[in-house]
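Fold and geometry: a report
Here are the chains, one letter per residue:
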Amino acid sequence: MAADVDKRTSEEESKIWPQNGRRTPGSGSWIYRGMWTLLMVCAVPLLAFGIKYYQDAQLLKRHEESVRTLGAEGLFLFSSLDTDRDLYLSPEEFKPIAEKLTGITPPVDVEEEVIQDPNGETLTLEAKMQPLRLDSMTKSKDGFLGVSHSSLSGLRSWKSPAVPSSSFSSGQFRVFLPPKNKGEVGDTWWVIPSELNIFTGYLPNNRYHPPTPKGREVLIHTLLSMFHPRPFIKSRFAPQGAVACIRASNDFYYDIVFRIHAEFQLNDVPDFPFWFTPGQFTGNIVLSKDASHVRHFHLYVPNDRSLNVDMEWLYGASESSNMEVDIGYLPQLELQSTGPSTPSIIVDEQGNIIDSRDSSGEPIQFVFEEIHWSSEIGQQEAARRLEVTLYPFKKVSYLPFSEAFERAEAEKKLVHSILLWGALDDQSCSGRTLRETVLESSPVLALLNQSFISSWSLVKELENMQQNPVLSEKARLHLEKYNFPVEMMVALPNGTIVHHINANFFLDQTSMKPEEEGATFSFSGGFEDPSTSTYISFLKDGLERAQEYLTQ
């Protein structure tokens with residue numbers, strides 16, 4: 001019992017302590033916690049400031065080391081790749097260079113082929129064509145002197161579409177749907193990837209019949225075969241293939257804008273090959289997200305420029321045979337849907353057929369609801385994104401001739417102007433090498449964005465512009481400096497040419513020849529070749545010469 005008394009007394013005393021004002025370990029813990037919290041609150045900003053100071057000091061140190069190691073010119077080239085300005089190249093930042101050096105692009109997420117529903121909807125397309133205007137060709141000015149009749153036989157005889165009208169199941173157009181990782185408005189992707197670049201060269205000229213199309217190529221081949229029986233879905237020159245962009249979207253539909261680079265072989269044995277290469281095929285398709293319904297389809301060759309088709313023909317069947325080149329104007333080449341896709345039969349809830357297409361093939365009559373987009377971008381913006389995907393040099397905006405000089409005047413910059421025979425940003429181009437090397441290199445892009453307003457023009461357009469009272473003088477000054485096939489110029493906002501160089505001379509000057517002394521692969525030239533640093537020198541020389549004019 002004594003033990004019980006002692007135990008009870010001890011417990012009672014412990015309960016009485018707080019009432020007598022005596023402190024316990026727990027009673028003051030909140031004070032210590034409060035002090036530590038206050039200390040931490042004060043320490044966090046100081047710690048953040050210290051980290052920021054250390055990072056800035058390290059960045060400054062790396063910058064100074066970079067200048068000592070690379071020099072000012074080398075650091076400029078490095079910085080053009082270092083997009084986040086941390087003086088380190090991440091794998092993502094190095095990716096464009098790796099693709100350029102290896103010629104390997106990441107695999108495209110292609111969905112497996114889907115078996116078409118025989119009772120699915122059907123879409124009818126009509127082909128329309130106006131043949132190439134022979135008088136638009138340069139060779140026509142001398143009556144095609146020296147051009148054999150057999151060389152142009154395929155061109156002269158191609159006056160109408162091979163297949164004026166054809167029906168397709170709506171499911172076939174599934175190839176235009178975006179891959180799983182591309183579902184937002186403005187997203188772009190390769191429908192048919194390009195397999196060529198500056199390192200792989202180009203495909204042979206001495207061919208008559210296209211290879212058998214596979215996968216996504218099948219539909220594109222079938223569509224273009226409505227124009228001519230021998231379409232080559234993969235063109236001889238980069239960039240090949242087809243790209244697409246989501247222009248608009250809602251819960252059920254996409255409006256997808258696309259661009260295709262393909263060409264036709266117009267001649268057959270025994271005549272020598274004749275290549276007919278439109279600048280581009282473009283268009284759009286409005287379809288449901290499961291491809292069960294196509295509301296609209298349109299594919300065409302743009303005709304808004306004075307020249308839009310490149311033509312090349314051989315005078316022999318071997319790759320080393322002489323080749324003639326010309327360019328011309330094609331007024332119309334297009335495919336258009338006659339209306340939305342419609343089902344062949346309509347069934348009720350029990351599966352009974354309540355309506356069907358009649359024996360004449362006339363579609364079932366429907367009234368389609370208007371599509372309202374929940375998200376969209378403009379047609380021009382979608383086209384621009386396709387261009388940048390195909391041509392990295394278009395990361396710099398190239399303005400129309402008149403607009404470029406107005407912008408240069410407003411922004412107090414010089415005009416980087418390219419005058420050429422065919423369009424710079426399509427397959428009728430006479431400046432392929434230029435756009436695939438120096439114009440798309442990161443250092444050149446950086447300098448052009450910083451100090452110039454860029455523009456390119458067709459020679460024929462400037463010739464026609466000489467009747468324009470506002471632009472005639474600028475056009476005349478450009479044409480005076482032009483030499484075939486491409487002339488690069490630096491001009492003042494008033495049109496005065498302060499510096500220019502011909503593409504052929506430029507490429508001869510910068511070509512690497514192993515037997516020449518000092519001809520080495522230069523990483524300081526933008527991981528490409530000496531042409532990049534030479535073009536930068538050309539632009540900087542133009543900036544220096546402009547100062548002489550501006551100070552007069």
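Residues numbered from 1 in each chain as written. Predicted model: local features only at pLDDT ≥ 70, side-chain atom pairs only at ≥ 80, totals over all residues. Heavy atoms only, no water.

The name given to the protein in an unreviewed UniProt entry is Selenoprotein N, and the organism recorded there is Acanthochromis polyacanthus.

Focus on the overall build of the protein
Spelled out, the test is: Numbering of helices and strands starts at the N terminus; helices are DSSP runs of H or I of at least 4 residues and strands are runs of E of at least 2. The rule is simple: take the accessible area with a 1.4 Å probe, protein chains only, and divide by the maximum for that residue type; under 20% is buried, over 50% is exposed, in between is partly exposed. The contact rule is simple, with two residues in contact once any of their heavy atoms fall within 4.5 Å. For the area figures, the Shrake-Rupley method with a 1.4 Å probe applies, and any residue is considered shielded solely by the protein chains shown.
Secondary structure summary: the protein contains 13 helices and 21 strands in total. Relative to its 552 residues, the protein shows a buried fraction of 44%. For the protein, the proportion of contacts with a sequence separation of at least 24, taken over those separated by at least 6, is 70%. In the form shown here, the protein has an accessible surface area of approximately 29,400 Å², with 54% of it arising from carbon and sulfur atoms.

Some remarks on the side chain of Ser151
Defined as follows: Polar contact is the term for a pair of N or O atoms within 3.5 Å; when the atoms are in protein, one must be able to donate a hydrogen and the other to accept it, and sequence-neighboring residues count only if both atoms are side-chain atoms.
In this fold, Ser151 is placed in the loop between β1 (122–130) and α4 (153–157). Within polar-contact distance, the side chain of Ser151 engages the side chain of Ser148 at 2.6 Å. Residues contacting Ser151, with those up to four places away along its chain left out, are Asn267, Phe274, Trp313 and Tyr315.

Looking at the pattern of salt bridges
Two side chains with opposite charge may pair up if their charged atoms get near one another. Basically, it comes down to this: In the sections that follow, a salt bridge refers to a side-chain nitrogen of Lys or Arg positioned within 4 Å of a carboxyl oxygen of Asp or Glu.
Using the criterion set out here, one finds 20 salt bridges in the structure. We note a salt bridge from Arg295 to Glu369, for which the minimum N-O separation is 3.7 Å. Of this pair, Arg295 sits in strand β10 (residues 294–300) while Glu369 sits in the loop between β15 (353–356) and β16 (375–376), and the two are 74 residues apart along the sequence. A relative accessible area of 15% places Arg295 in the buried class. Across the pair Glu387 and Lys394 runs a salt bridge whose closest N-O atoms are separated by 2.7 Å. Residue Glu387 shares its accessibility class with Lys394, and that shared class is buried.

Examining the side chain of Arg230
As for its position among the elements, Arg230 is in the loop between α5 (217–224) and β4 (231–232). One polar contact links the side chain of Arg230 to the main-chain carbonyl oxygen of Leu266, over a distance of 3.0 Å. Filtering out sequence-adjacent residues up to four positions away, Arg230 remains in contact with Tyr208, His209, Pro210, Glu263, Phe264, Gln265, Leu266, Asn267 and Asp268.

Things to note about the sheet that holds strand β11 (residues 309–314)
Remark on secondary structure: sheet strands pair via backbone hydrogen bonds, oriented parallel or antiparallel. Worth spelling out the cut-off: At least two bridges found by DSSP between two strands is the condition for calling them paired.
Reading across from one edge, β4-β7-β8-β11-β12 is the order of the five strands in this open sheet, with antiparallel pairing throughout. Two strands bound the open sheet, and with one partner strand each, they are β4 and β12 (323–328). Taken together, the five bridges between strand β8 (residues 274–278) and β11 define a ladder with antiparallel strand orientation. Looking across to β11, one finds that Trp275 is bridged to Glu312.

Side note on the sheet that holds strand β21 (residues 497–502)
Heads up, the rule is: Only the stretch in contact is used when fitting a helix axis, every axis being a line fitted to C-alpha atoms; angles between N-to-C directions are given from 0 to 180 degrees.
In space, the five strands of this open sheet follow the order β17-β19-β18-β20-β21, with mixed pairing throughout. Edge positions in the open sheet fall to β17 (398–399) and β21, since each of these has one partner strand only. One ladder, built from seven bridges, connects strand β18 (residues 414–420) with strand β19 (residues 452–458); its direction is parallel. Within β19, the residue paired with His416 across the bridge is Ser454. Each of β17, β18, β19 and β20 (486–491) touches helix α7 (residues 401–411); the most contacted strand, β19, lies at about 165° to it. This element, helix α9 (residues 442–451), spans β17, β18 and β19 of the sheet and lies at about 105° to β19.

Some remarks on the packing of aromatic side chains
Within a pair of aromatic rings, the relevant descriptors are the distance that separates the centres and the angle that separates the planes. Put simply, the rule is: Centres within 6.5 Å are what make two rings of Phe, Tyr or Trp a pair, Trp counting through its six-membered ring; a difference in plane orientation under 30 degrees is then read as stacked, over 60 as edge-to-face, and the rest as tilted. Note on geometry: a ring has a charge over it if NZ (lysine) or CZ (arginine) is within 6 Å of the ring centre and within 35 degrees of the ring normal.
Counted under the stated rule, the structure contains 18 aromatic pairs. Look at Phe227 and Phe281: their rings are 6.4 Å apart centre to centre, the planes differ by 15°, and that puts the pair in the stacked class. Here Phe281 lies in strand β9 (residues 281–288) and Phe227 lies in the loop between α5 and β4, a separation of 54 residues in the sequence. Overall, Phe281 belongs to the buried group, its relative accessible area being 0%. Among the aromatic side chains, those forming a connected cluster through ring pairs are Trp158, Phe227, Phe264, Phe276 and Phe281. The residue whose ring lies beneath Arg156 is Phe144, and the NZ or CZ to ring-centre distance is 5.4 Å. Stacked on the ring of Phe405, the Lys or Arg Lys474 has its end atom at 5.8 Å from the ring centre.

What about a nonpolar patch on the surface?
How we decide: Only residues whose relative accessible area exceeds 30% and that take part in no salt bridge are eligible for patches, with like-charged residues grouped when within 9 Å of each other and nonpolar side chains (Val, Leu, Ile, Met, Phe, Trp, Tyr) grouped when within 5 Å.
A surface patch of nonpolar side chains, amounting to about 400 Å² of accessible area, comprises Tyr32, Trp36 and Leu39. Here Tyr32 shows up in helix α2 (residues 29–81).

What about the nonpolar core?
Worth spelling out the cut-off: We call a set of buried Ala, Val, Leu, Ile, Met, Phe, Trp, Tyr and Cys residues a nonpolar core when their side-chain atoms join them within 4.5 Å. An automatic or database domain assignment supplies the start and end points of every domain.
Grouped together as the largest cluster of nonpolar side chains are 92 residues, with contacts concentrated most on Phe173, Phe276 and Phe297. When we break this core down by domain, the ones giving at least three residues each are domain 2 (122–342 + 369–386) and domain 3 (392–513 + 526–551). Of all hydrophobic cores here, the second largest spans 22 residues; its members include Leu307, Val415, Ile453 and Leu462.

What about unusual backbone geometry?
With an omega of -5°, the peptide bond between Ala238 and Pro239 qualifies as cis. Within the element layout of this structure, Pro239 appears in the loop between β4 and β5 (241–249). Look at the link from Val269 to Pro270: it is a cis peptide, with omega at 15°. With respect to the element layout, Pro270 can be found in the loop between β7 (263–265) and β8.

A look at the environment of Tyr253
By the secondary structure assignment, Tyr253 is in strand β6 (residues 253–261). Each C-alpha atom, one on Tyr253 and one on Val286, is 6.9 Å from the other, the two residues being 33 residues apart in sequence. Tyr253 has contacts with Ala248, Leu287, Ser288, Lys289, His293, Arg295, Glu369, Ile371 and Trp373, leaving out every residue within four places of it along the chain. Of note is the side chain of Tyr253, whose polar atom sits 3.4 Å from the side chain of Arg295.

Remarks on the environment of Gly378
Looking at the element boundaries, Gly378 is found in the loop between β16 and α6 (379–390). As for Gly378 and Gly186, which are separated by 192 residues in sequence, their C-alpha atoms are 9.7 Å apart.

Concerning α7
Since one α-helical turn is 3.6 residues long, residues separated by three or four positions face the same way. To keep it simple, the criterion reads: The reported arc concerns the directions from the helix axis to the C-beta atoms and nothing else.
Among all positions in α7, only Phe401, Ala404, Phe405 and Ala408 are buried. For α7, the arc enclosing every buried residue in end-on projection is 95°, short of the 170-degree limit, so these residues lie on one face. Exposed and facing more than 90 degrees away from the buried side of α7 are Glu406 and Ala410. A positive phi of about 60° marks Lys412, the residue just after α7.

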